Amino acid sequence: MAQKLILGIDTGLNEVKVVGKKGELKFPSLIDLQPENHVDFSQFNSFNEEENDIEFIIEYDGESYFVGEHAVFETTEKPITGNRDGSKNDEGAFLKAVAAVCRYVDTYEDFED
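Residues numbered from 1 in each chain as written. Predicted model: local features only at pLDDT ≥ 70, side-chain atom pairs only at ≥ 80, totals over all residues. Heavy atoms only, no water.

A.B. asks: Where do I start with the pattern of salt bridges in this structure?
C.D. replies: Any two side chains of opposite charge can pair, so long as their charged atoms come close to each other. With the rule as written, the count across this model stands at 3 salt bridges. A salt bridge links K26 to E15; the shortest N-O distance between them is 4.0 Å. Separated by 11 residues along the polypeptide, K26 in strand β3 (residues 23-28) and E15 in strand β2 (residues 15-20) bring together distant segments of the chain. Of the residues examined, K26 reaches a relative accessible area of 52% and is grouped as exposed. Ionic pairing is found between K22 and E109, a salt bridge with its closest N-O pair at 3.3 Å. Of the two residues, K22 is situated in the loop between β2 and β3 and E109 in the segment after α3 (91-108); the sequence distance between them amounts to 87 residues. (Salt bridge = Lys/Arg side-chain N within 4 Å of Asp/Glu carboxyl O. Helix = DSSP H or I, 4+ residues; strand = E, 2+ residues; numbered from the N terminus. Buried < 20%, exposed > 50% of the residue type's maximum accessible area, 1.4 Å probe, protein only.)

A.B. asks: Would you take a moment to explain the sheet that holds strand β4 (residues 31-33) for this structure?
C.D. replies: Hydrogen bonds between backbone atoms are what pair the strands of a sheet, whose relative direction is either parallel or antiparallel. Pairing is antiparallel across the open sheet formed by 3 strands, whose spatial order is β4-β6-β5. Either end of the sheet is taken by a strand with one partner, and the two such strands are β4 and β5 (57-60). Averaged over all adjacent pairs, the angle separating strand axes in this sheet is 35 degrees, with direction ignored. Two elements, β4 and strand β6 (residues 63-67), share 3 bridges in a ladder whose sense is antiparallel. By the bridge assignment for β6, L33 is matched with Y65. Contacts from α3 reach β4, β5 and β6, with the element oriented near 125 degrees to β5. (Pairing = 2+ DSSP bridges. Axes fitted to C-alpha atoms, helices over the stretch in contact; angles between N-to-C directions. Contact = heavy atoms within 4.5 Å.)

Spelled out as structure tokens, the structure:
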């Protein structure tokens, strides 16, 4: 049976906000390309990822991107923030919107396939 998911998403300059029937959430409006030489030390880190919801990576067009808090935590270069003129017509805004849908579904939905 098909399920409908209606969300409102704002890929803002400072935060990405998403709201749906079951709740709302937000995260920093940052994405950053995961470097090829990235080493994951999270298993040795005392930082509680579950509690702080930092581990968030999406893959698009063969590339992996850090998103939100993860981009803030991991980024050493200047992260992708999108067009500063308020335009939402760029790849950065698209990736943030996809991330918002994924994070909402991970947080609020329970799909059984």
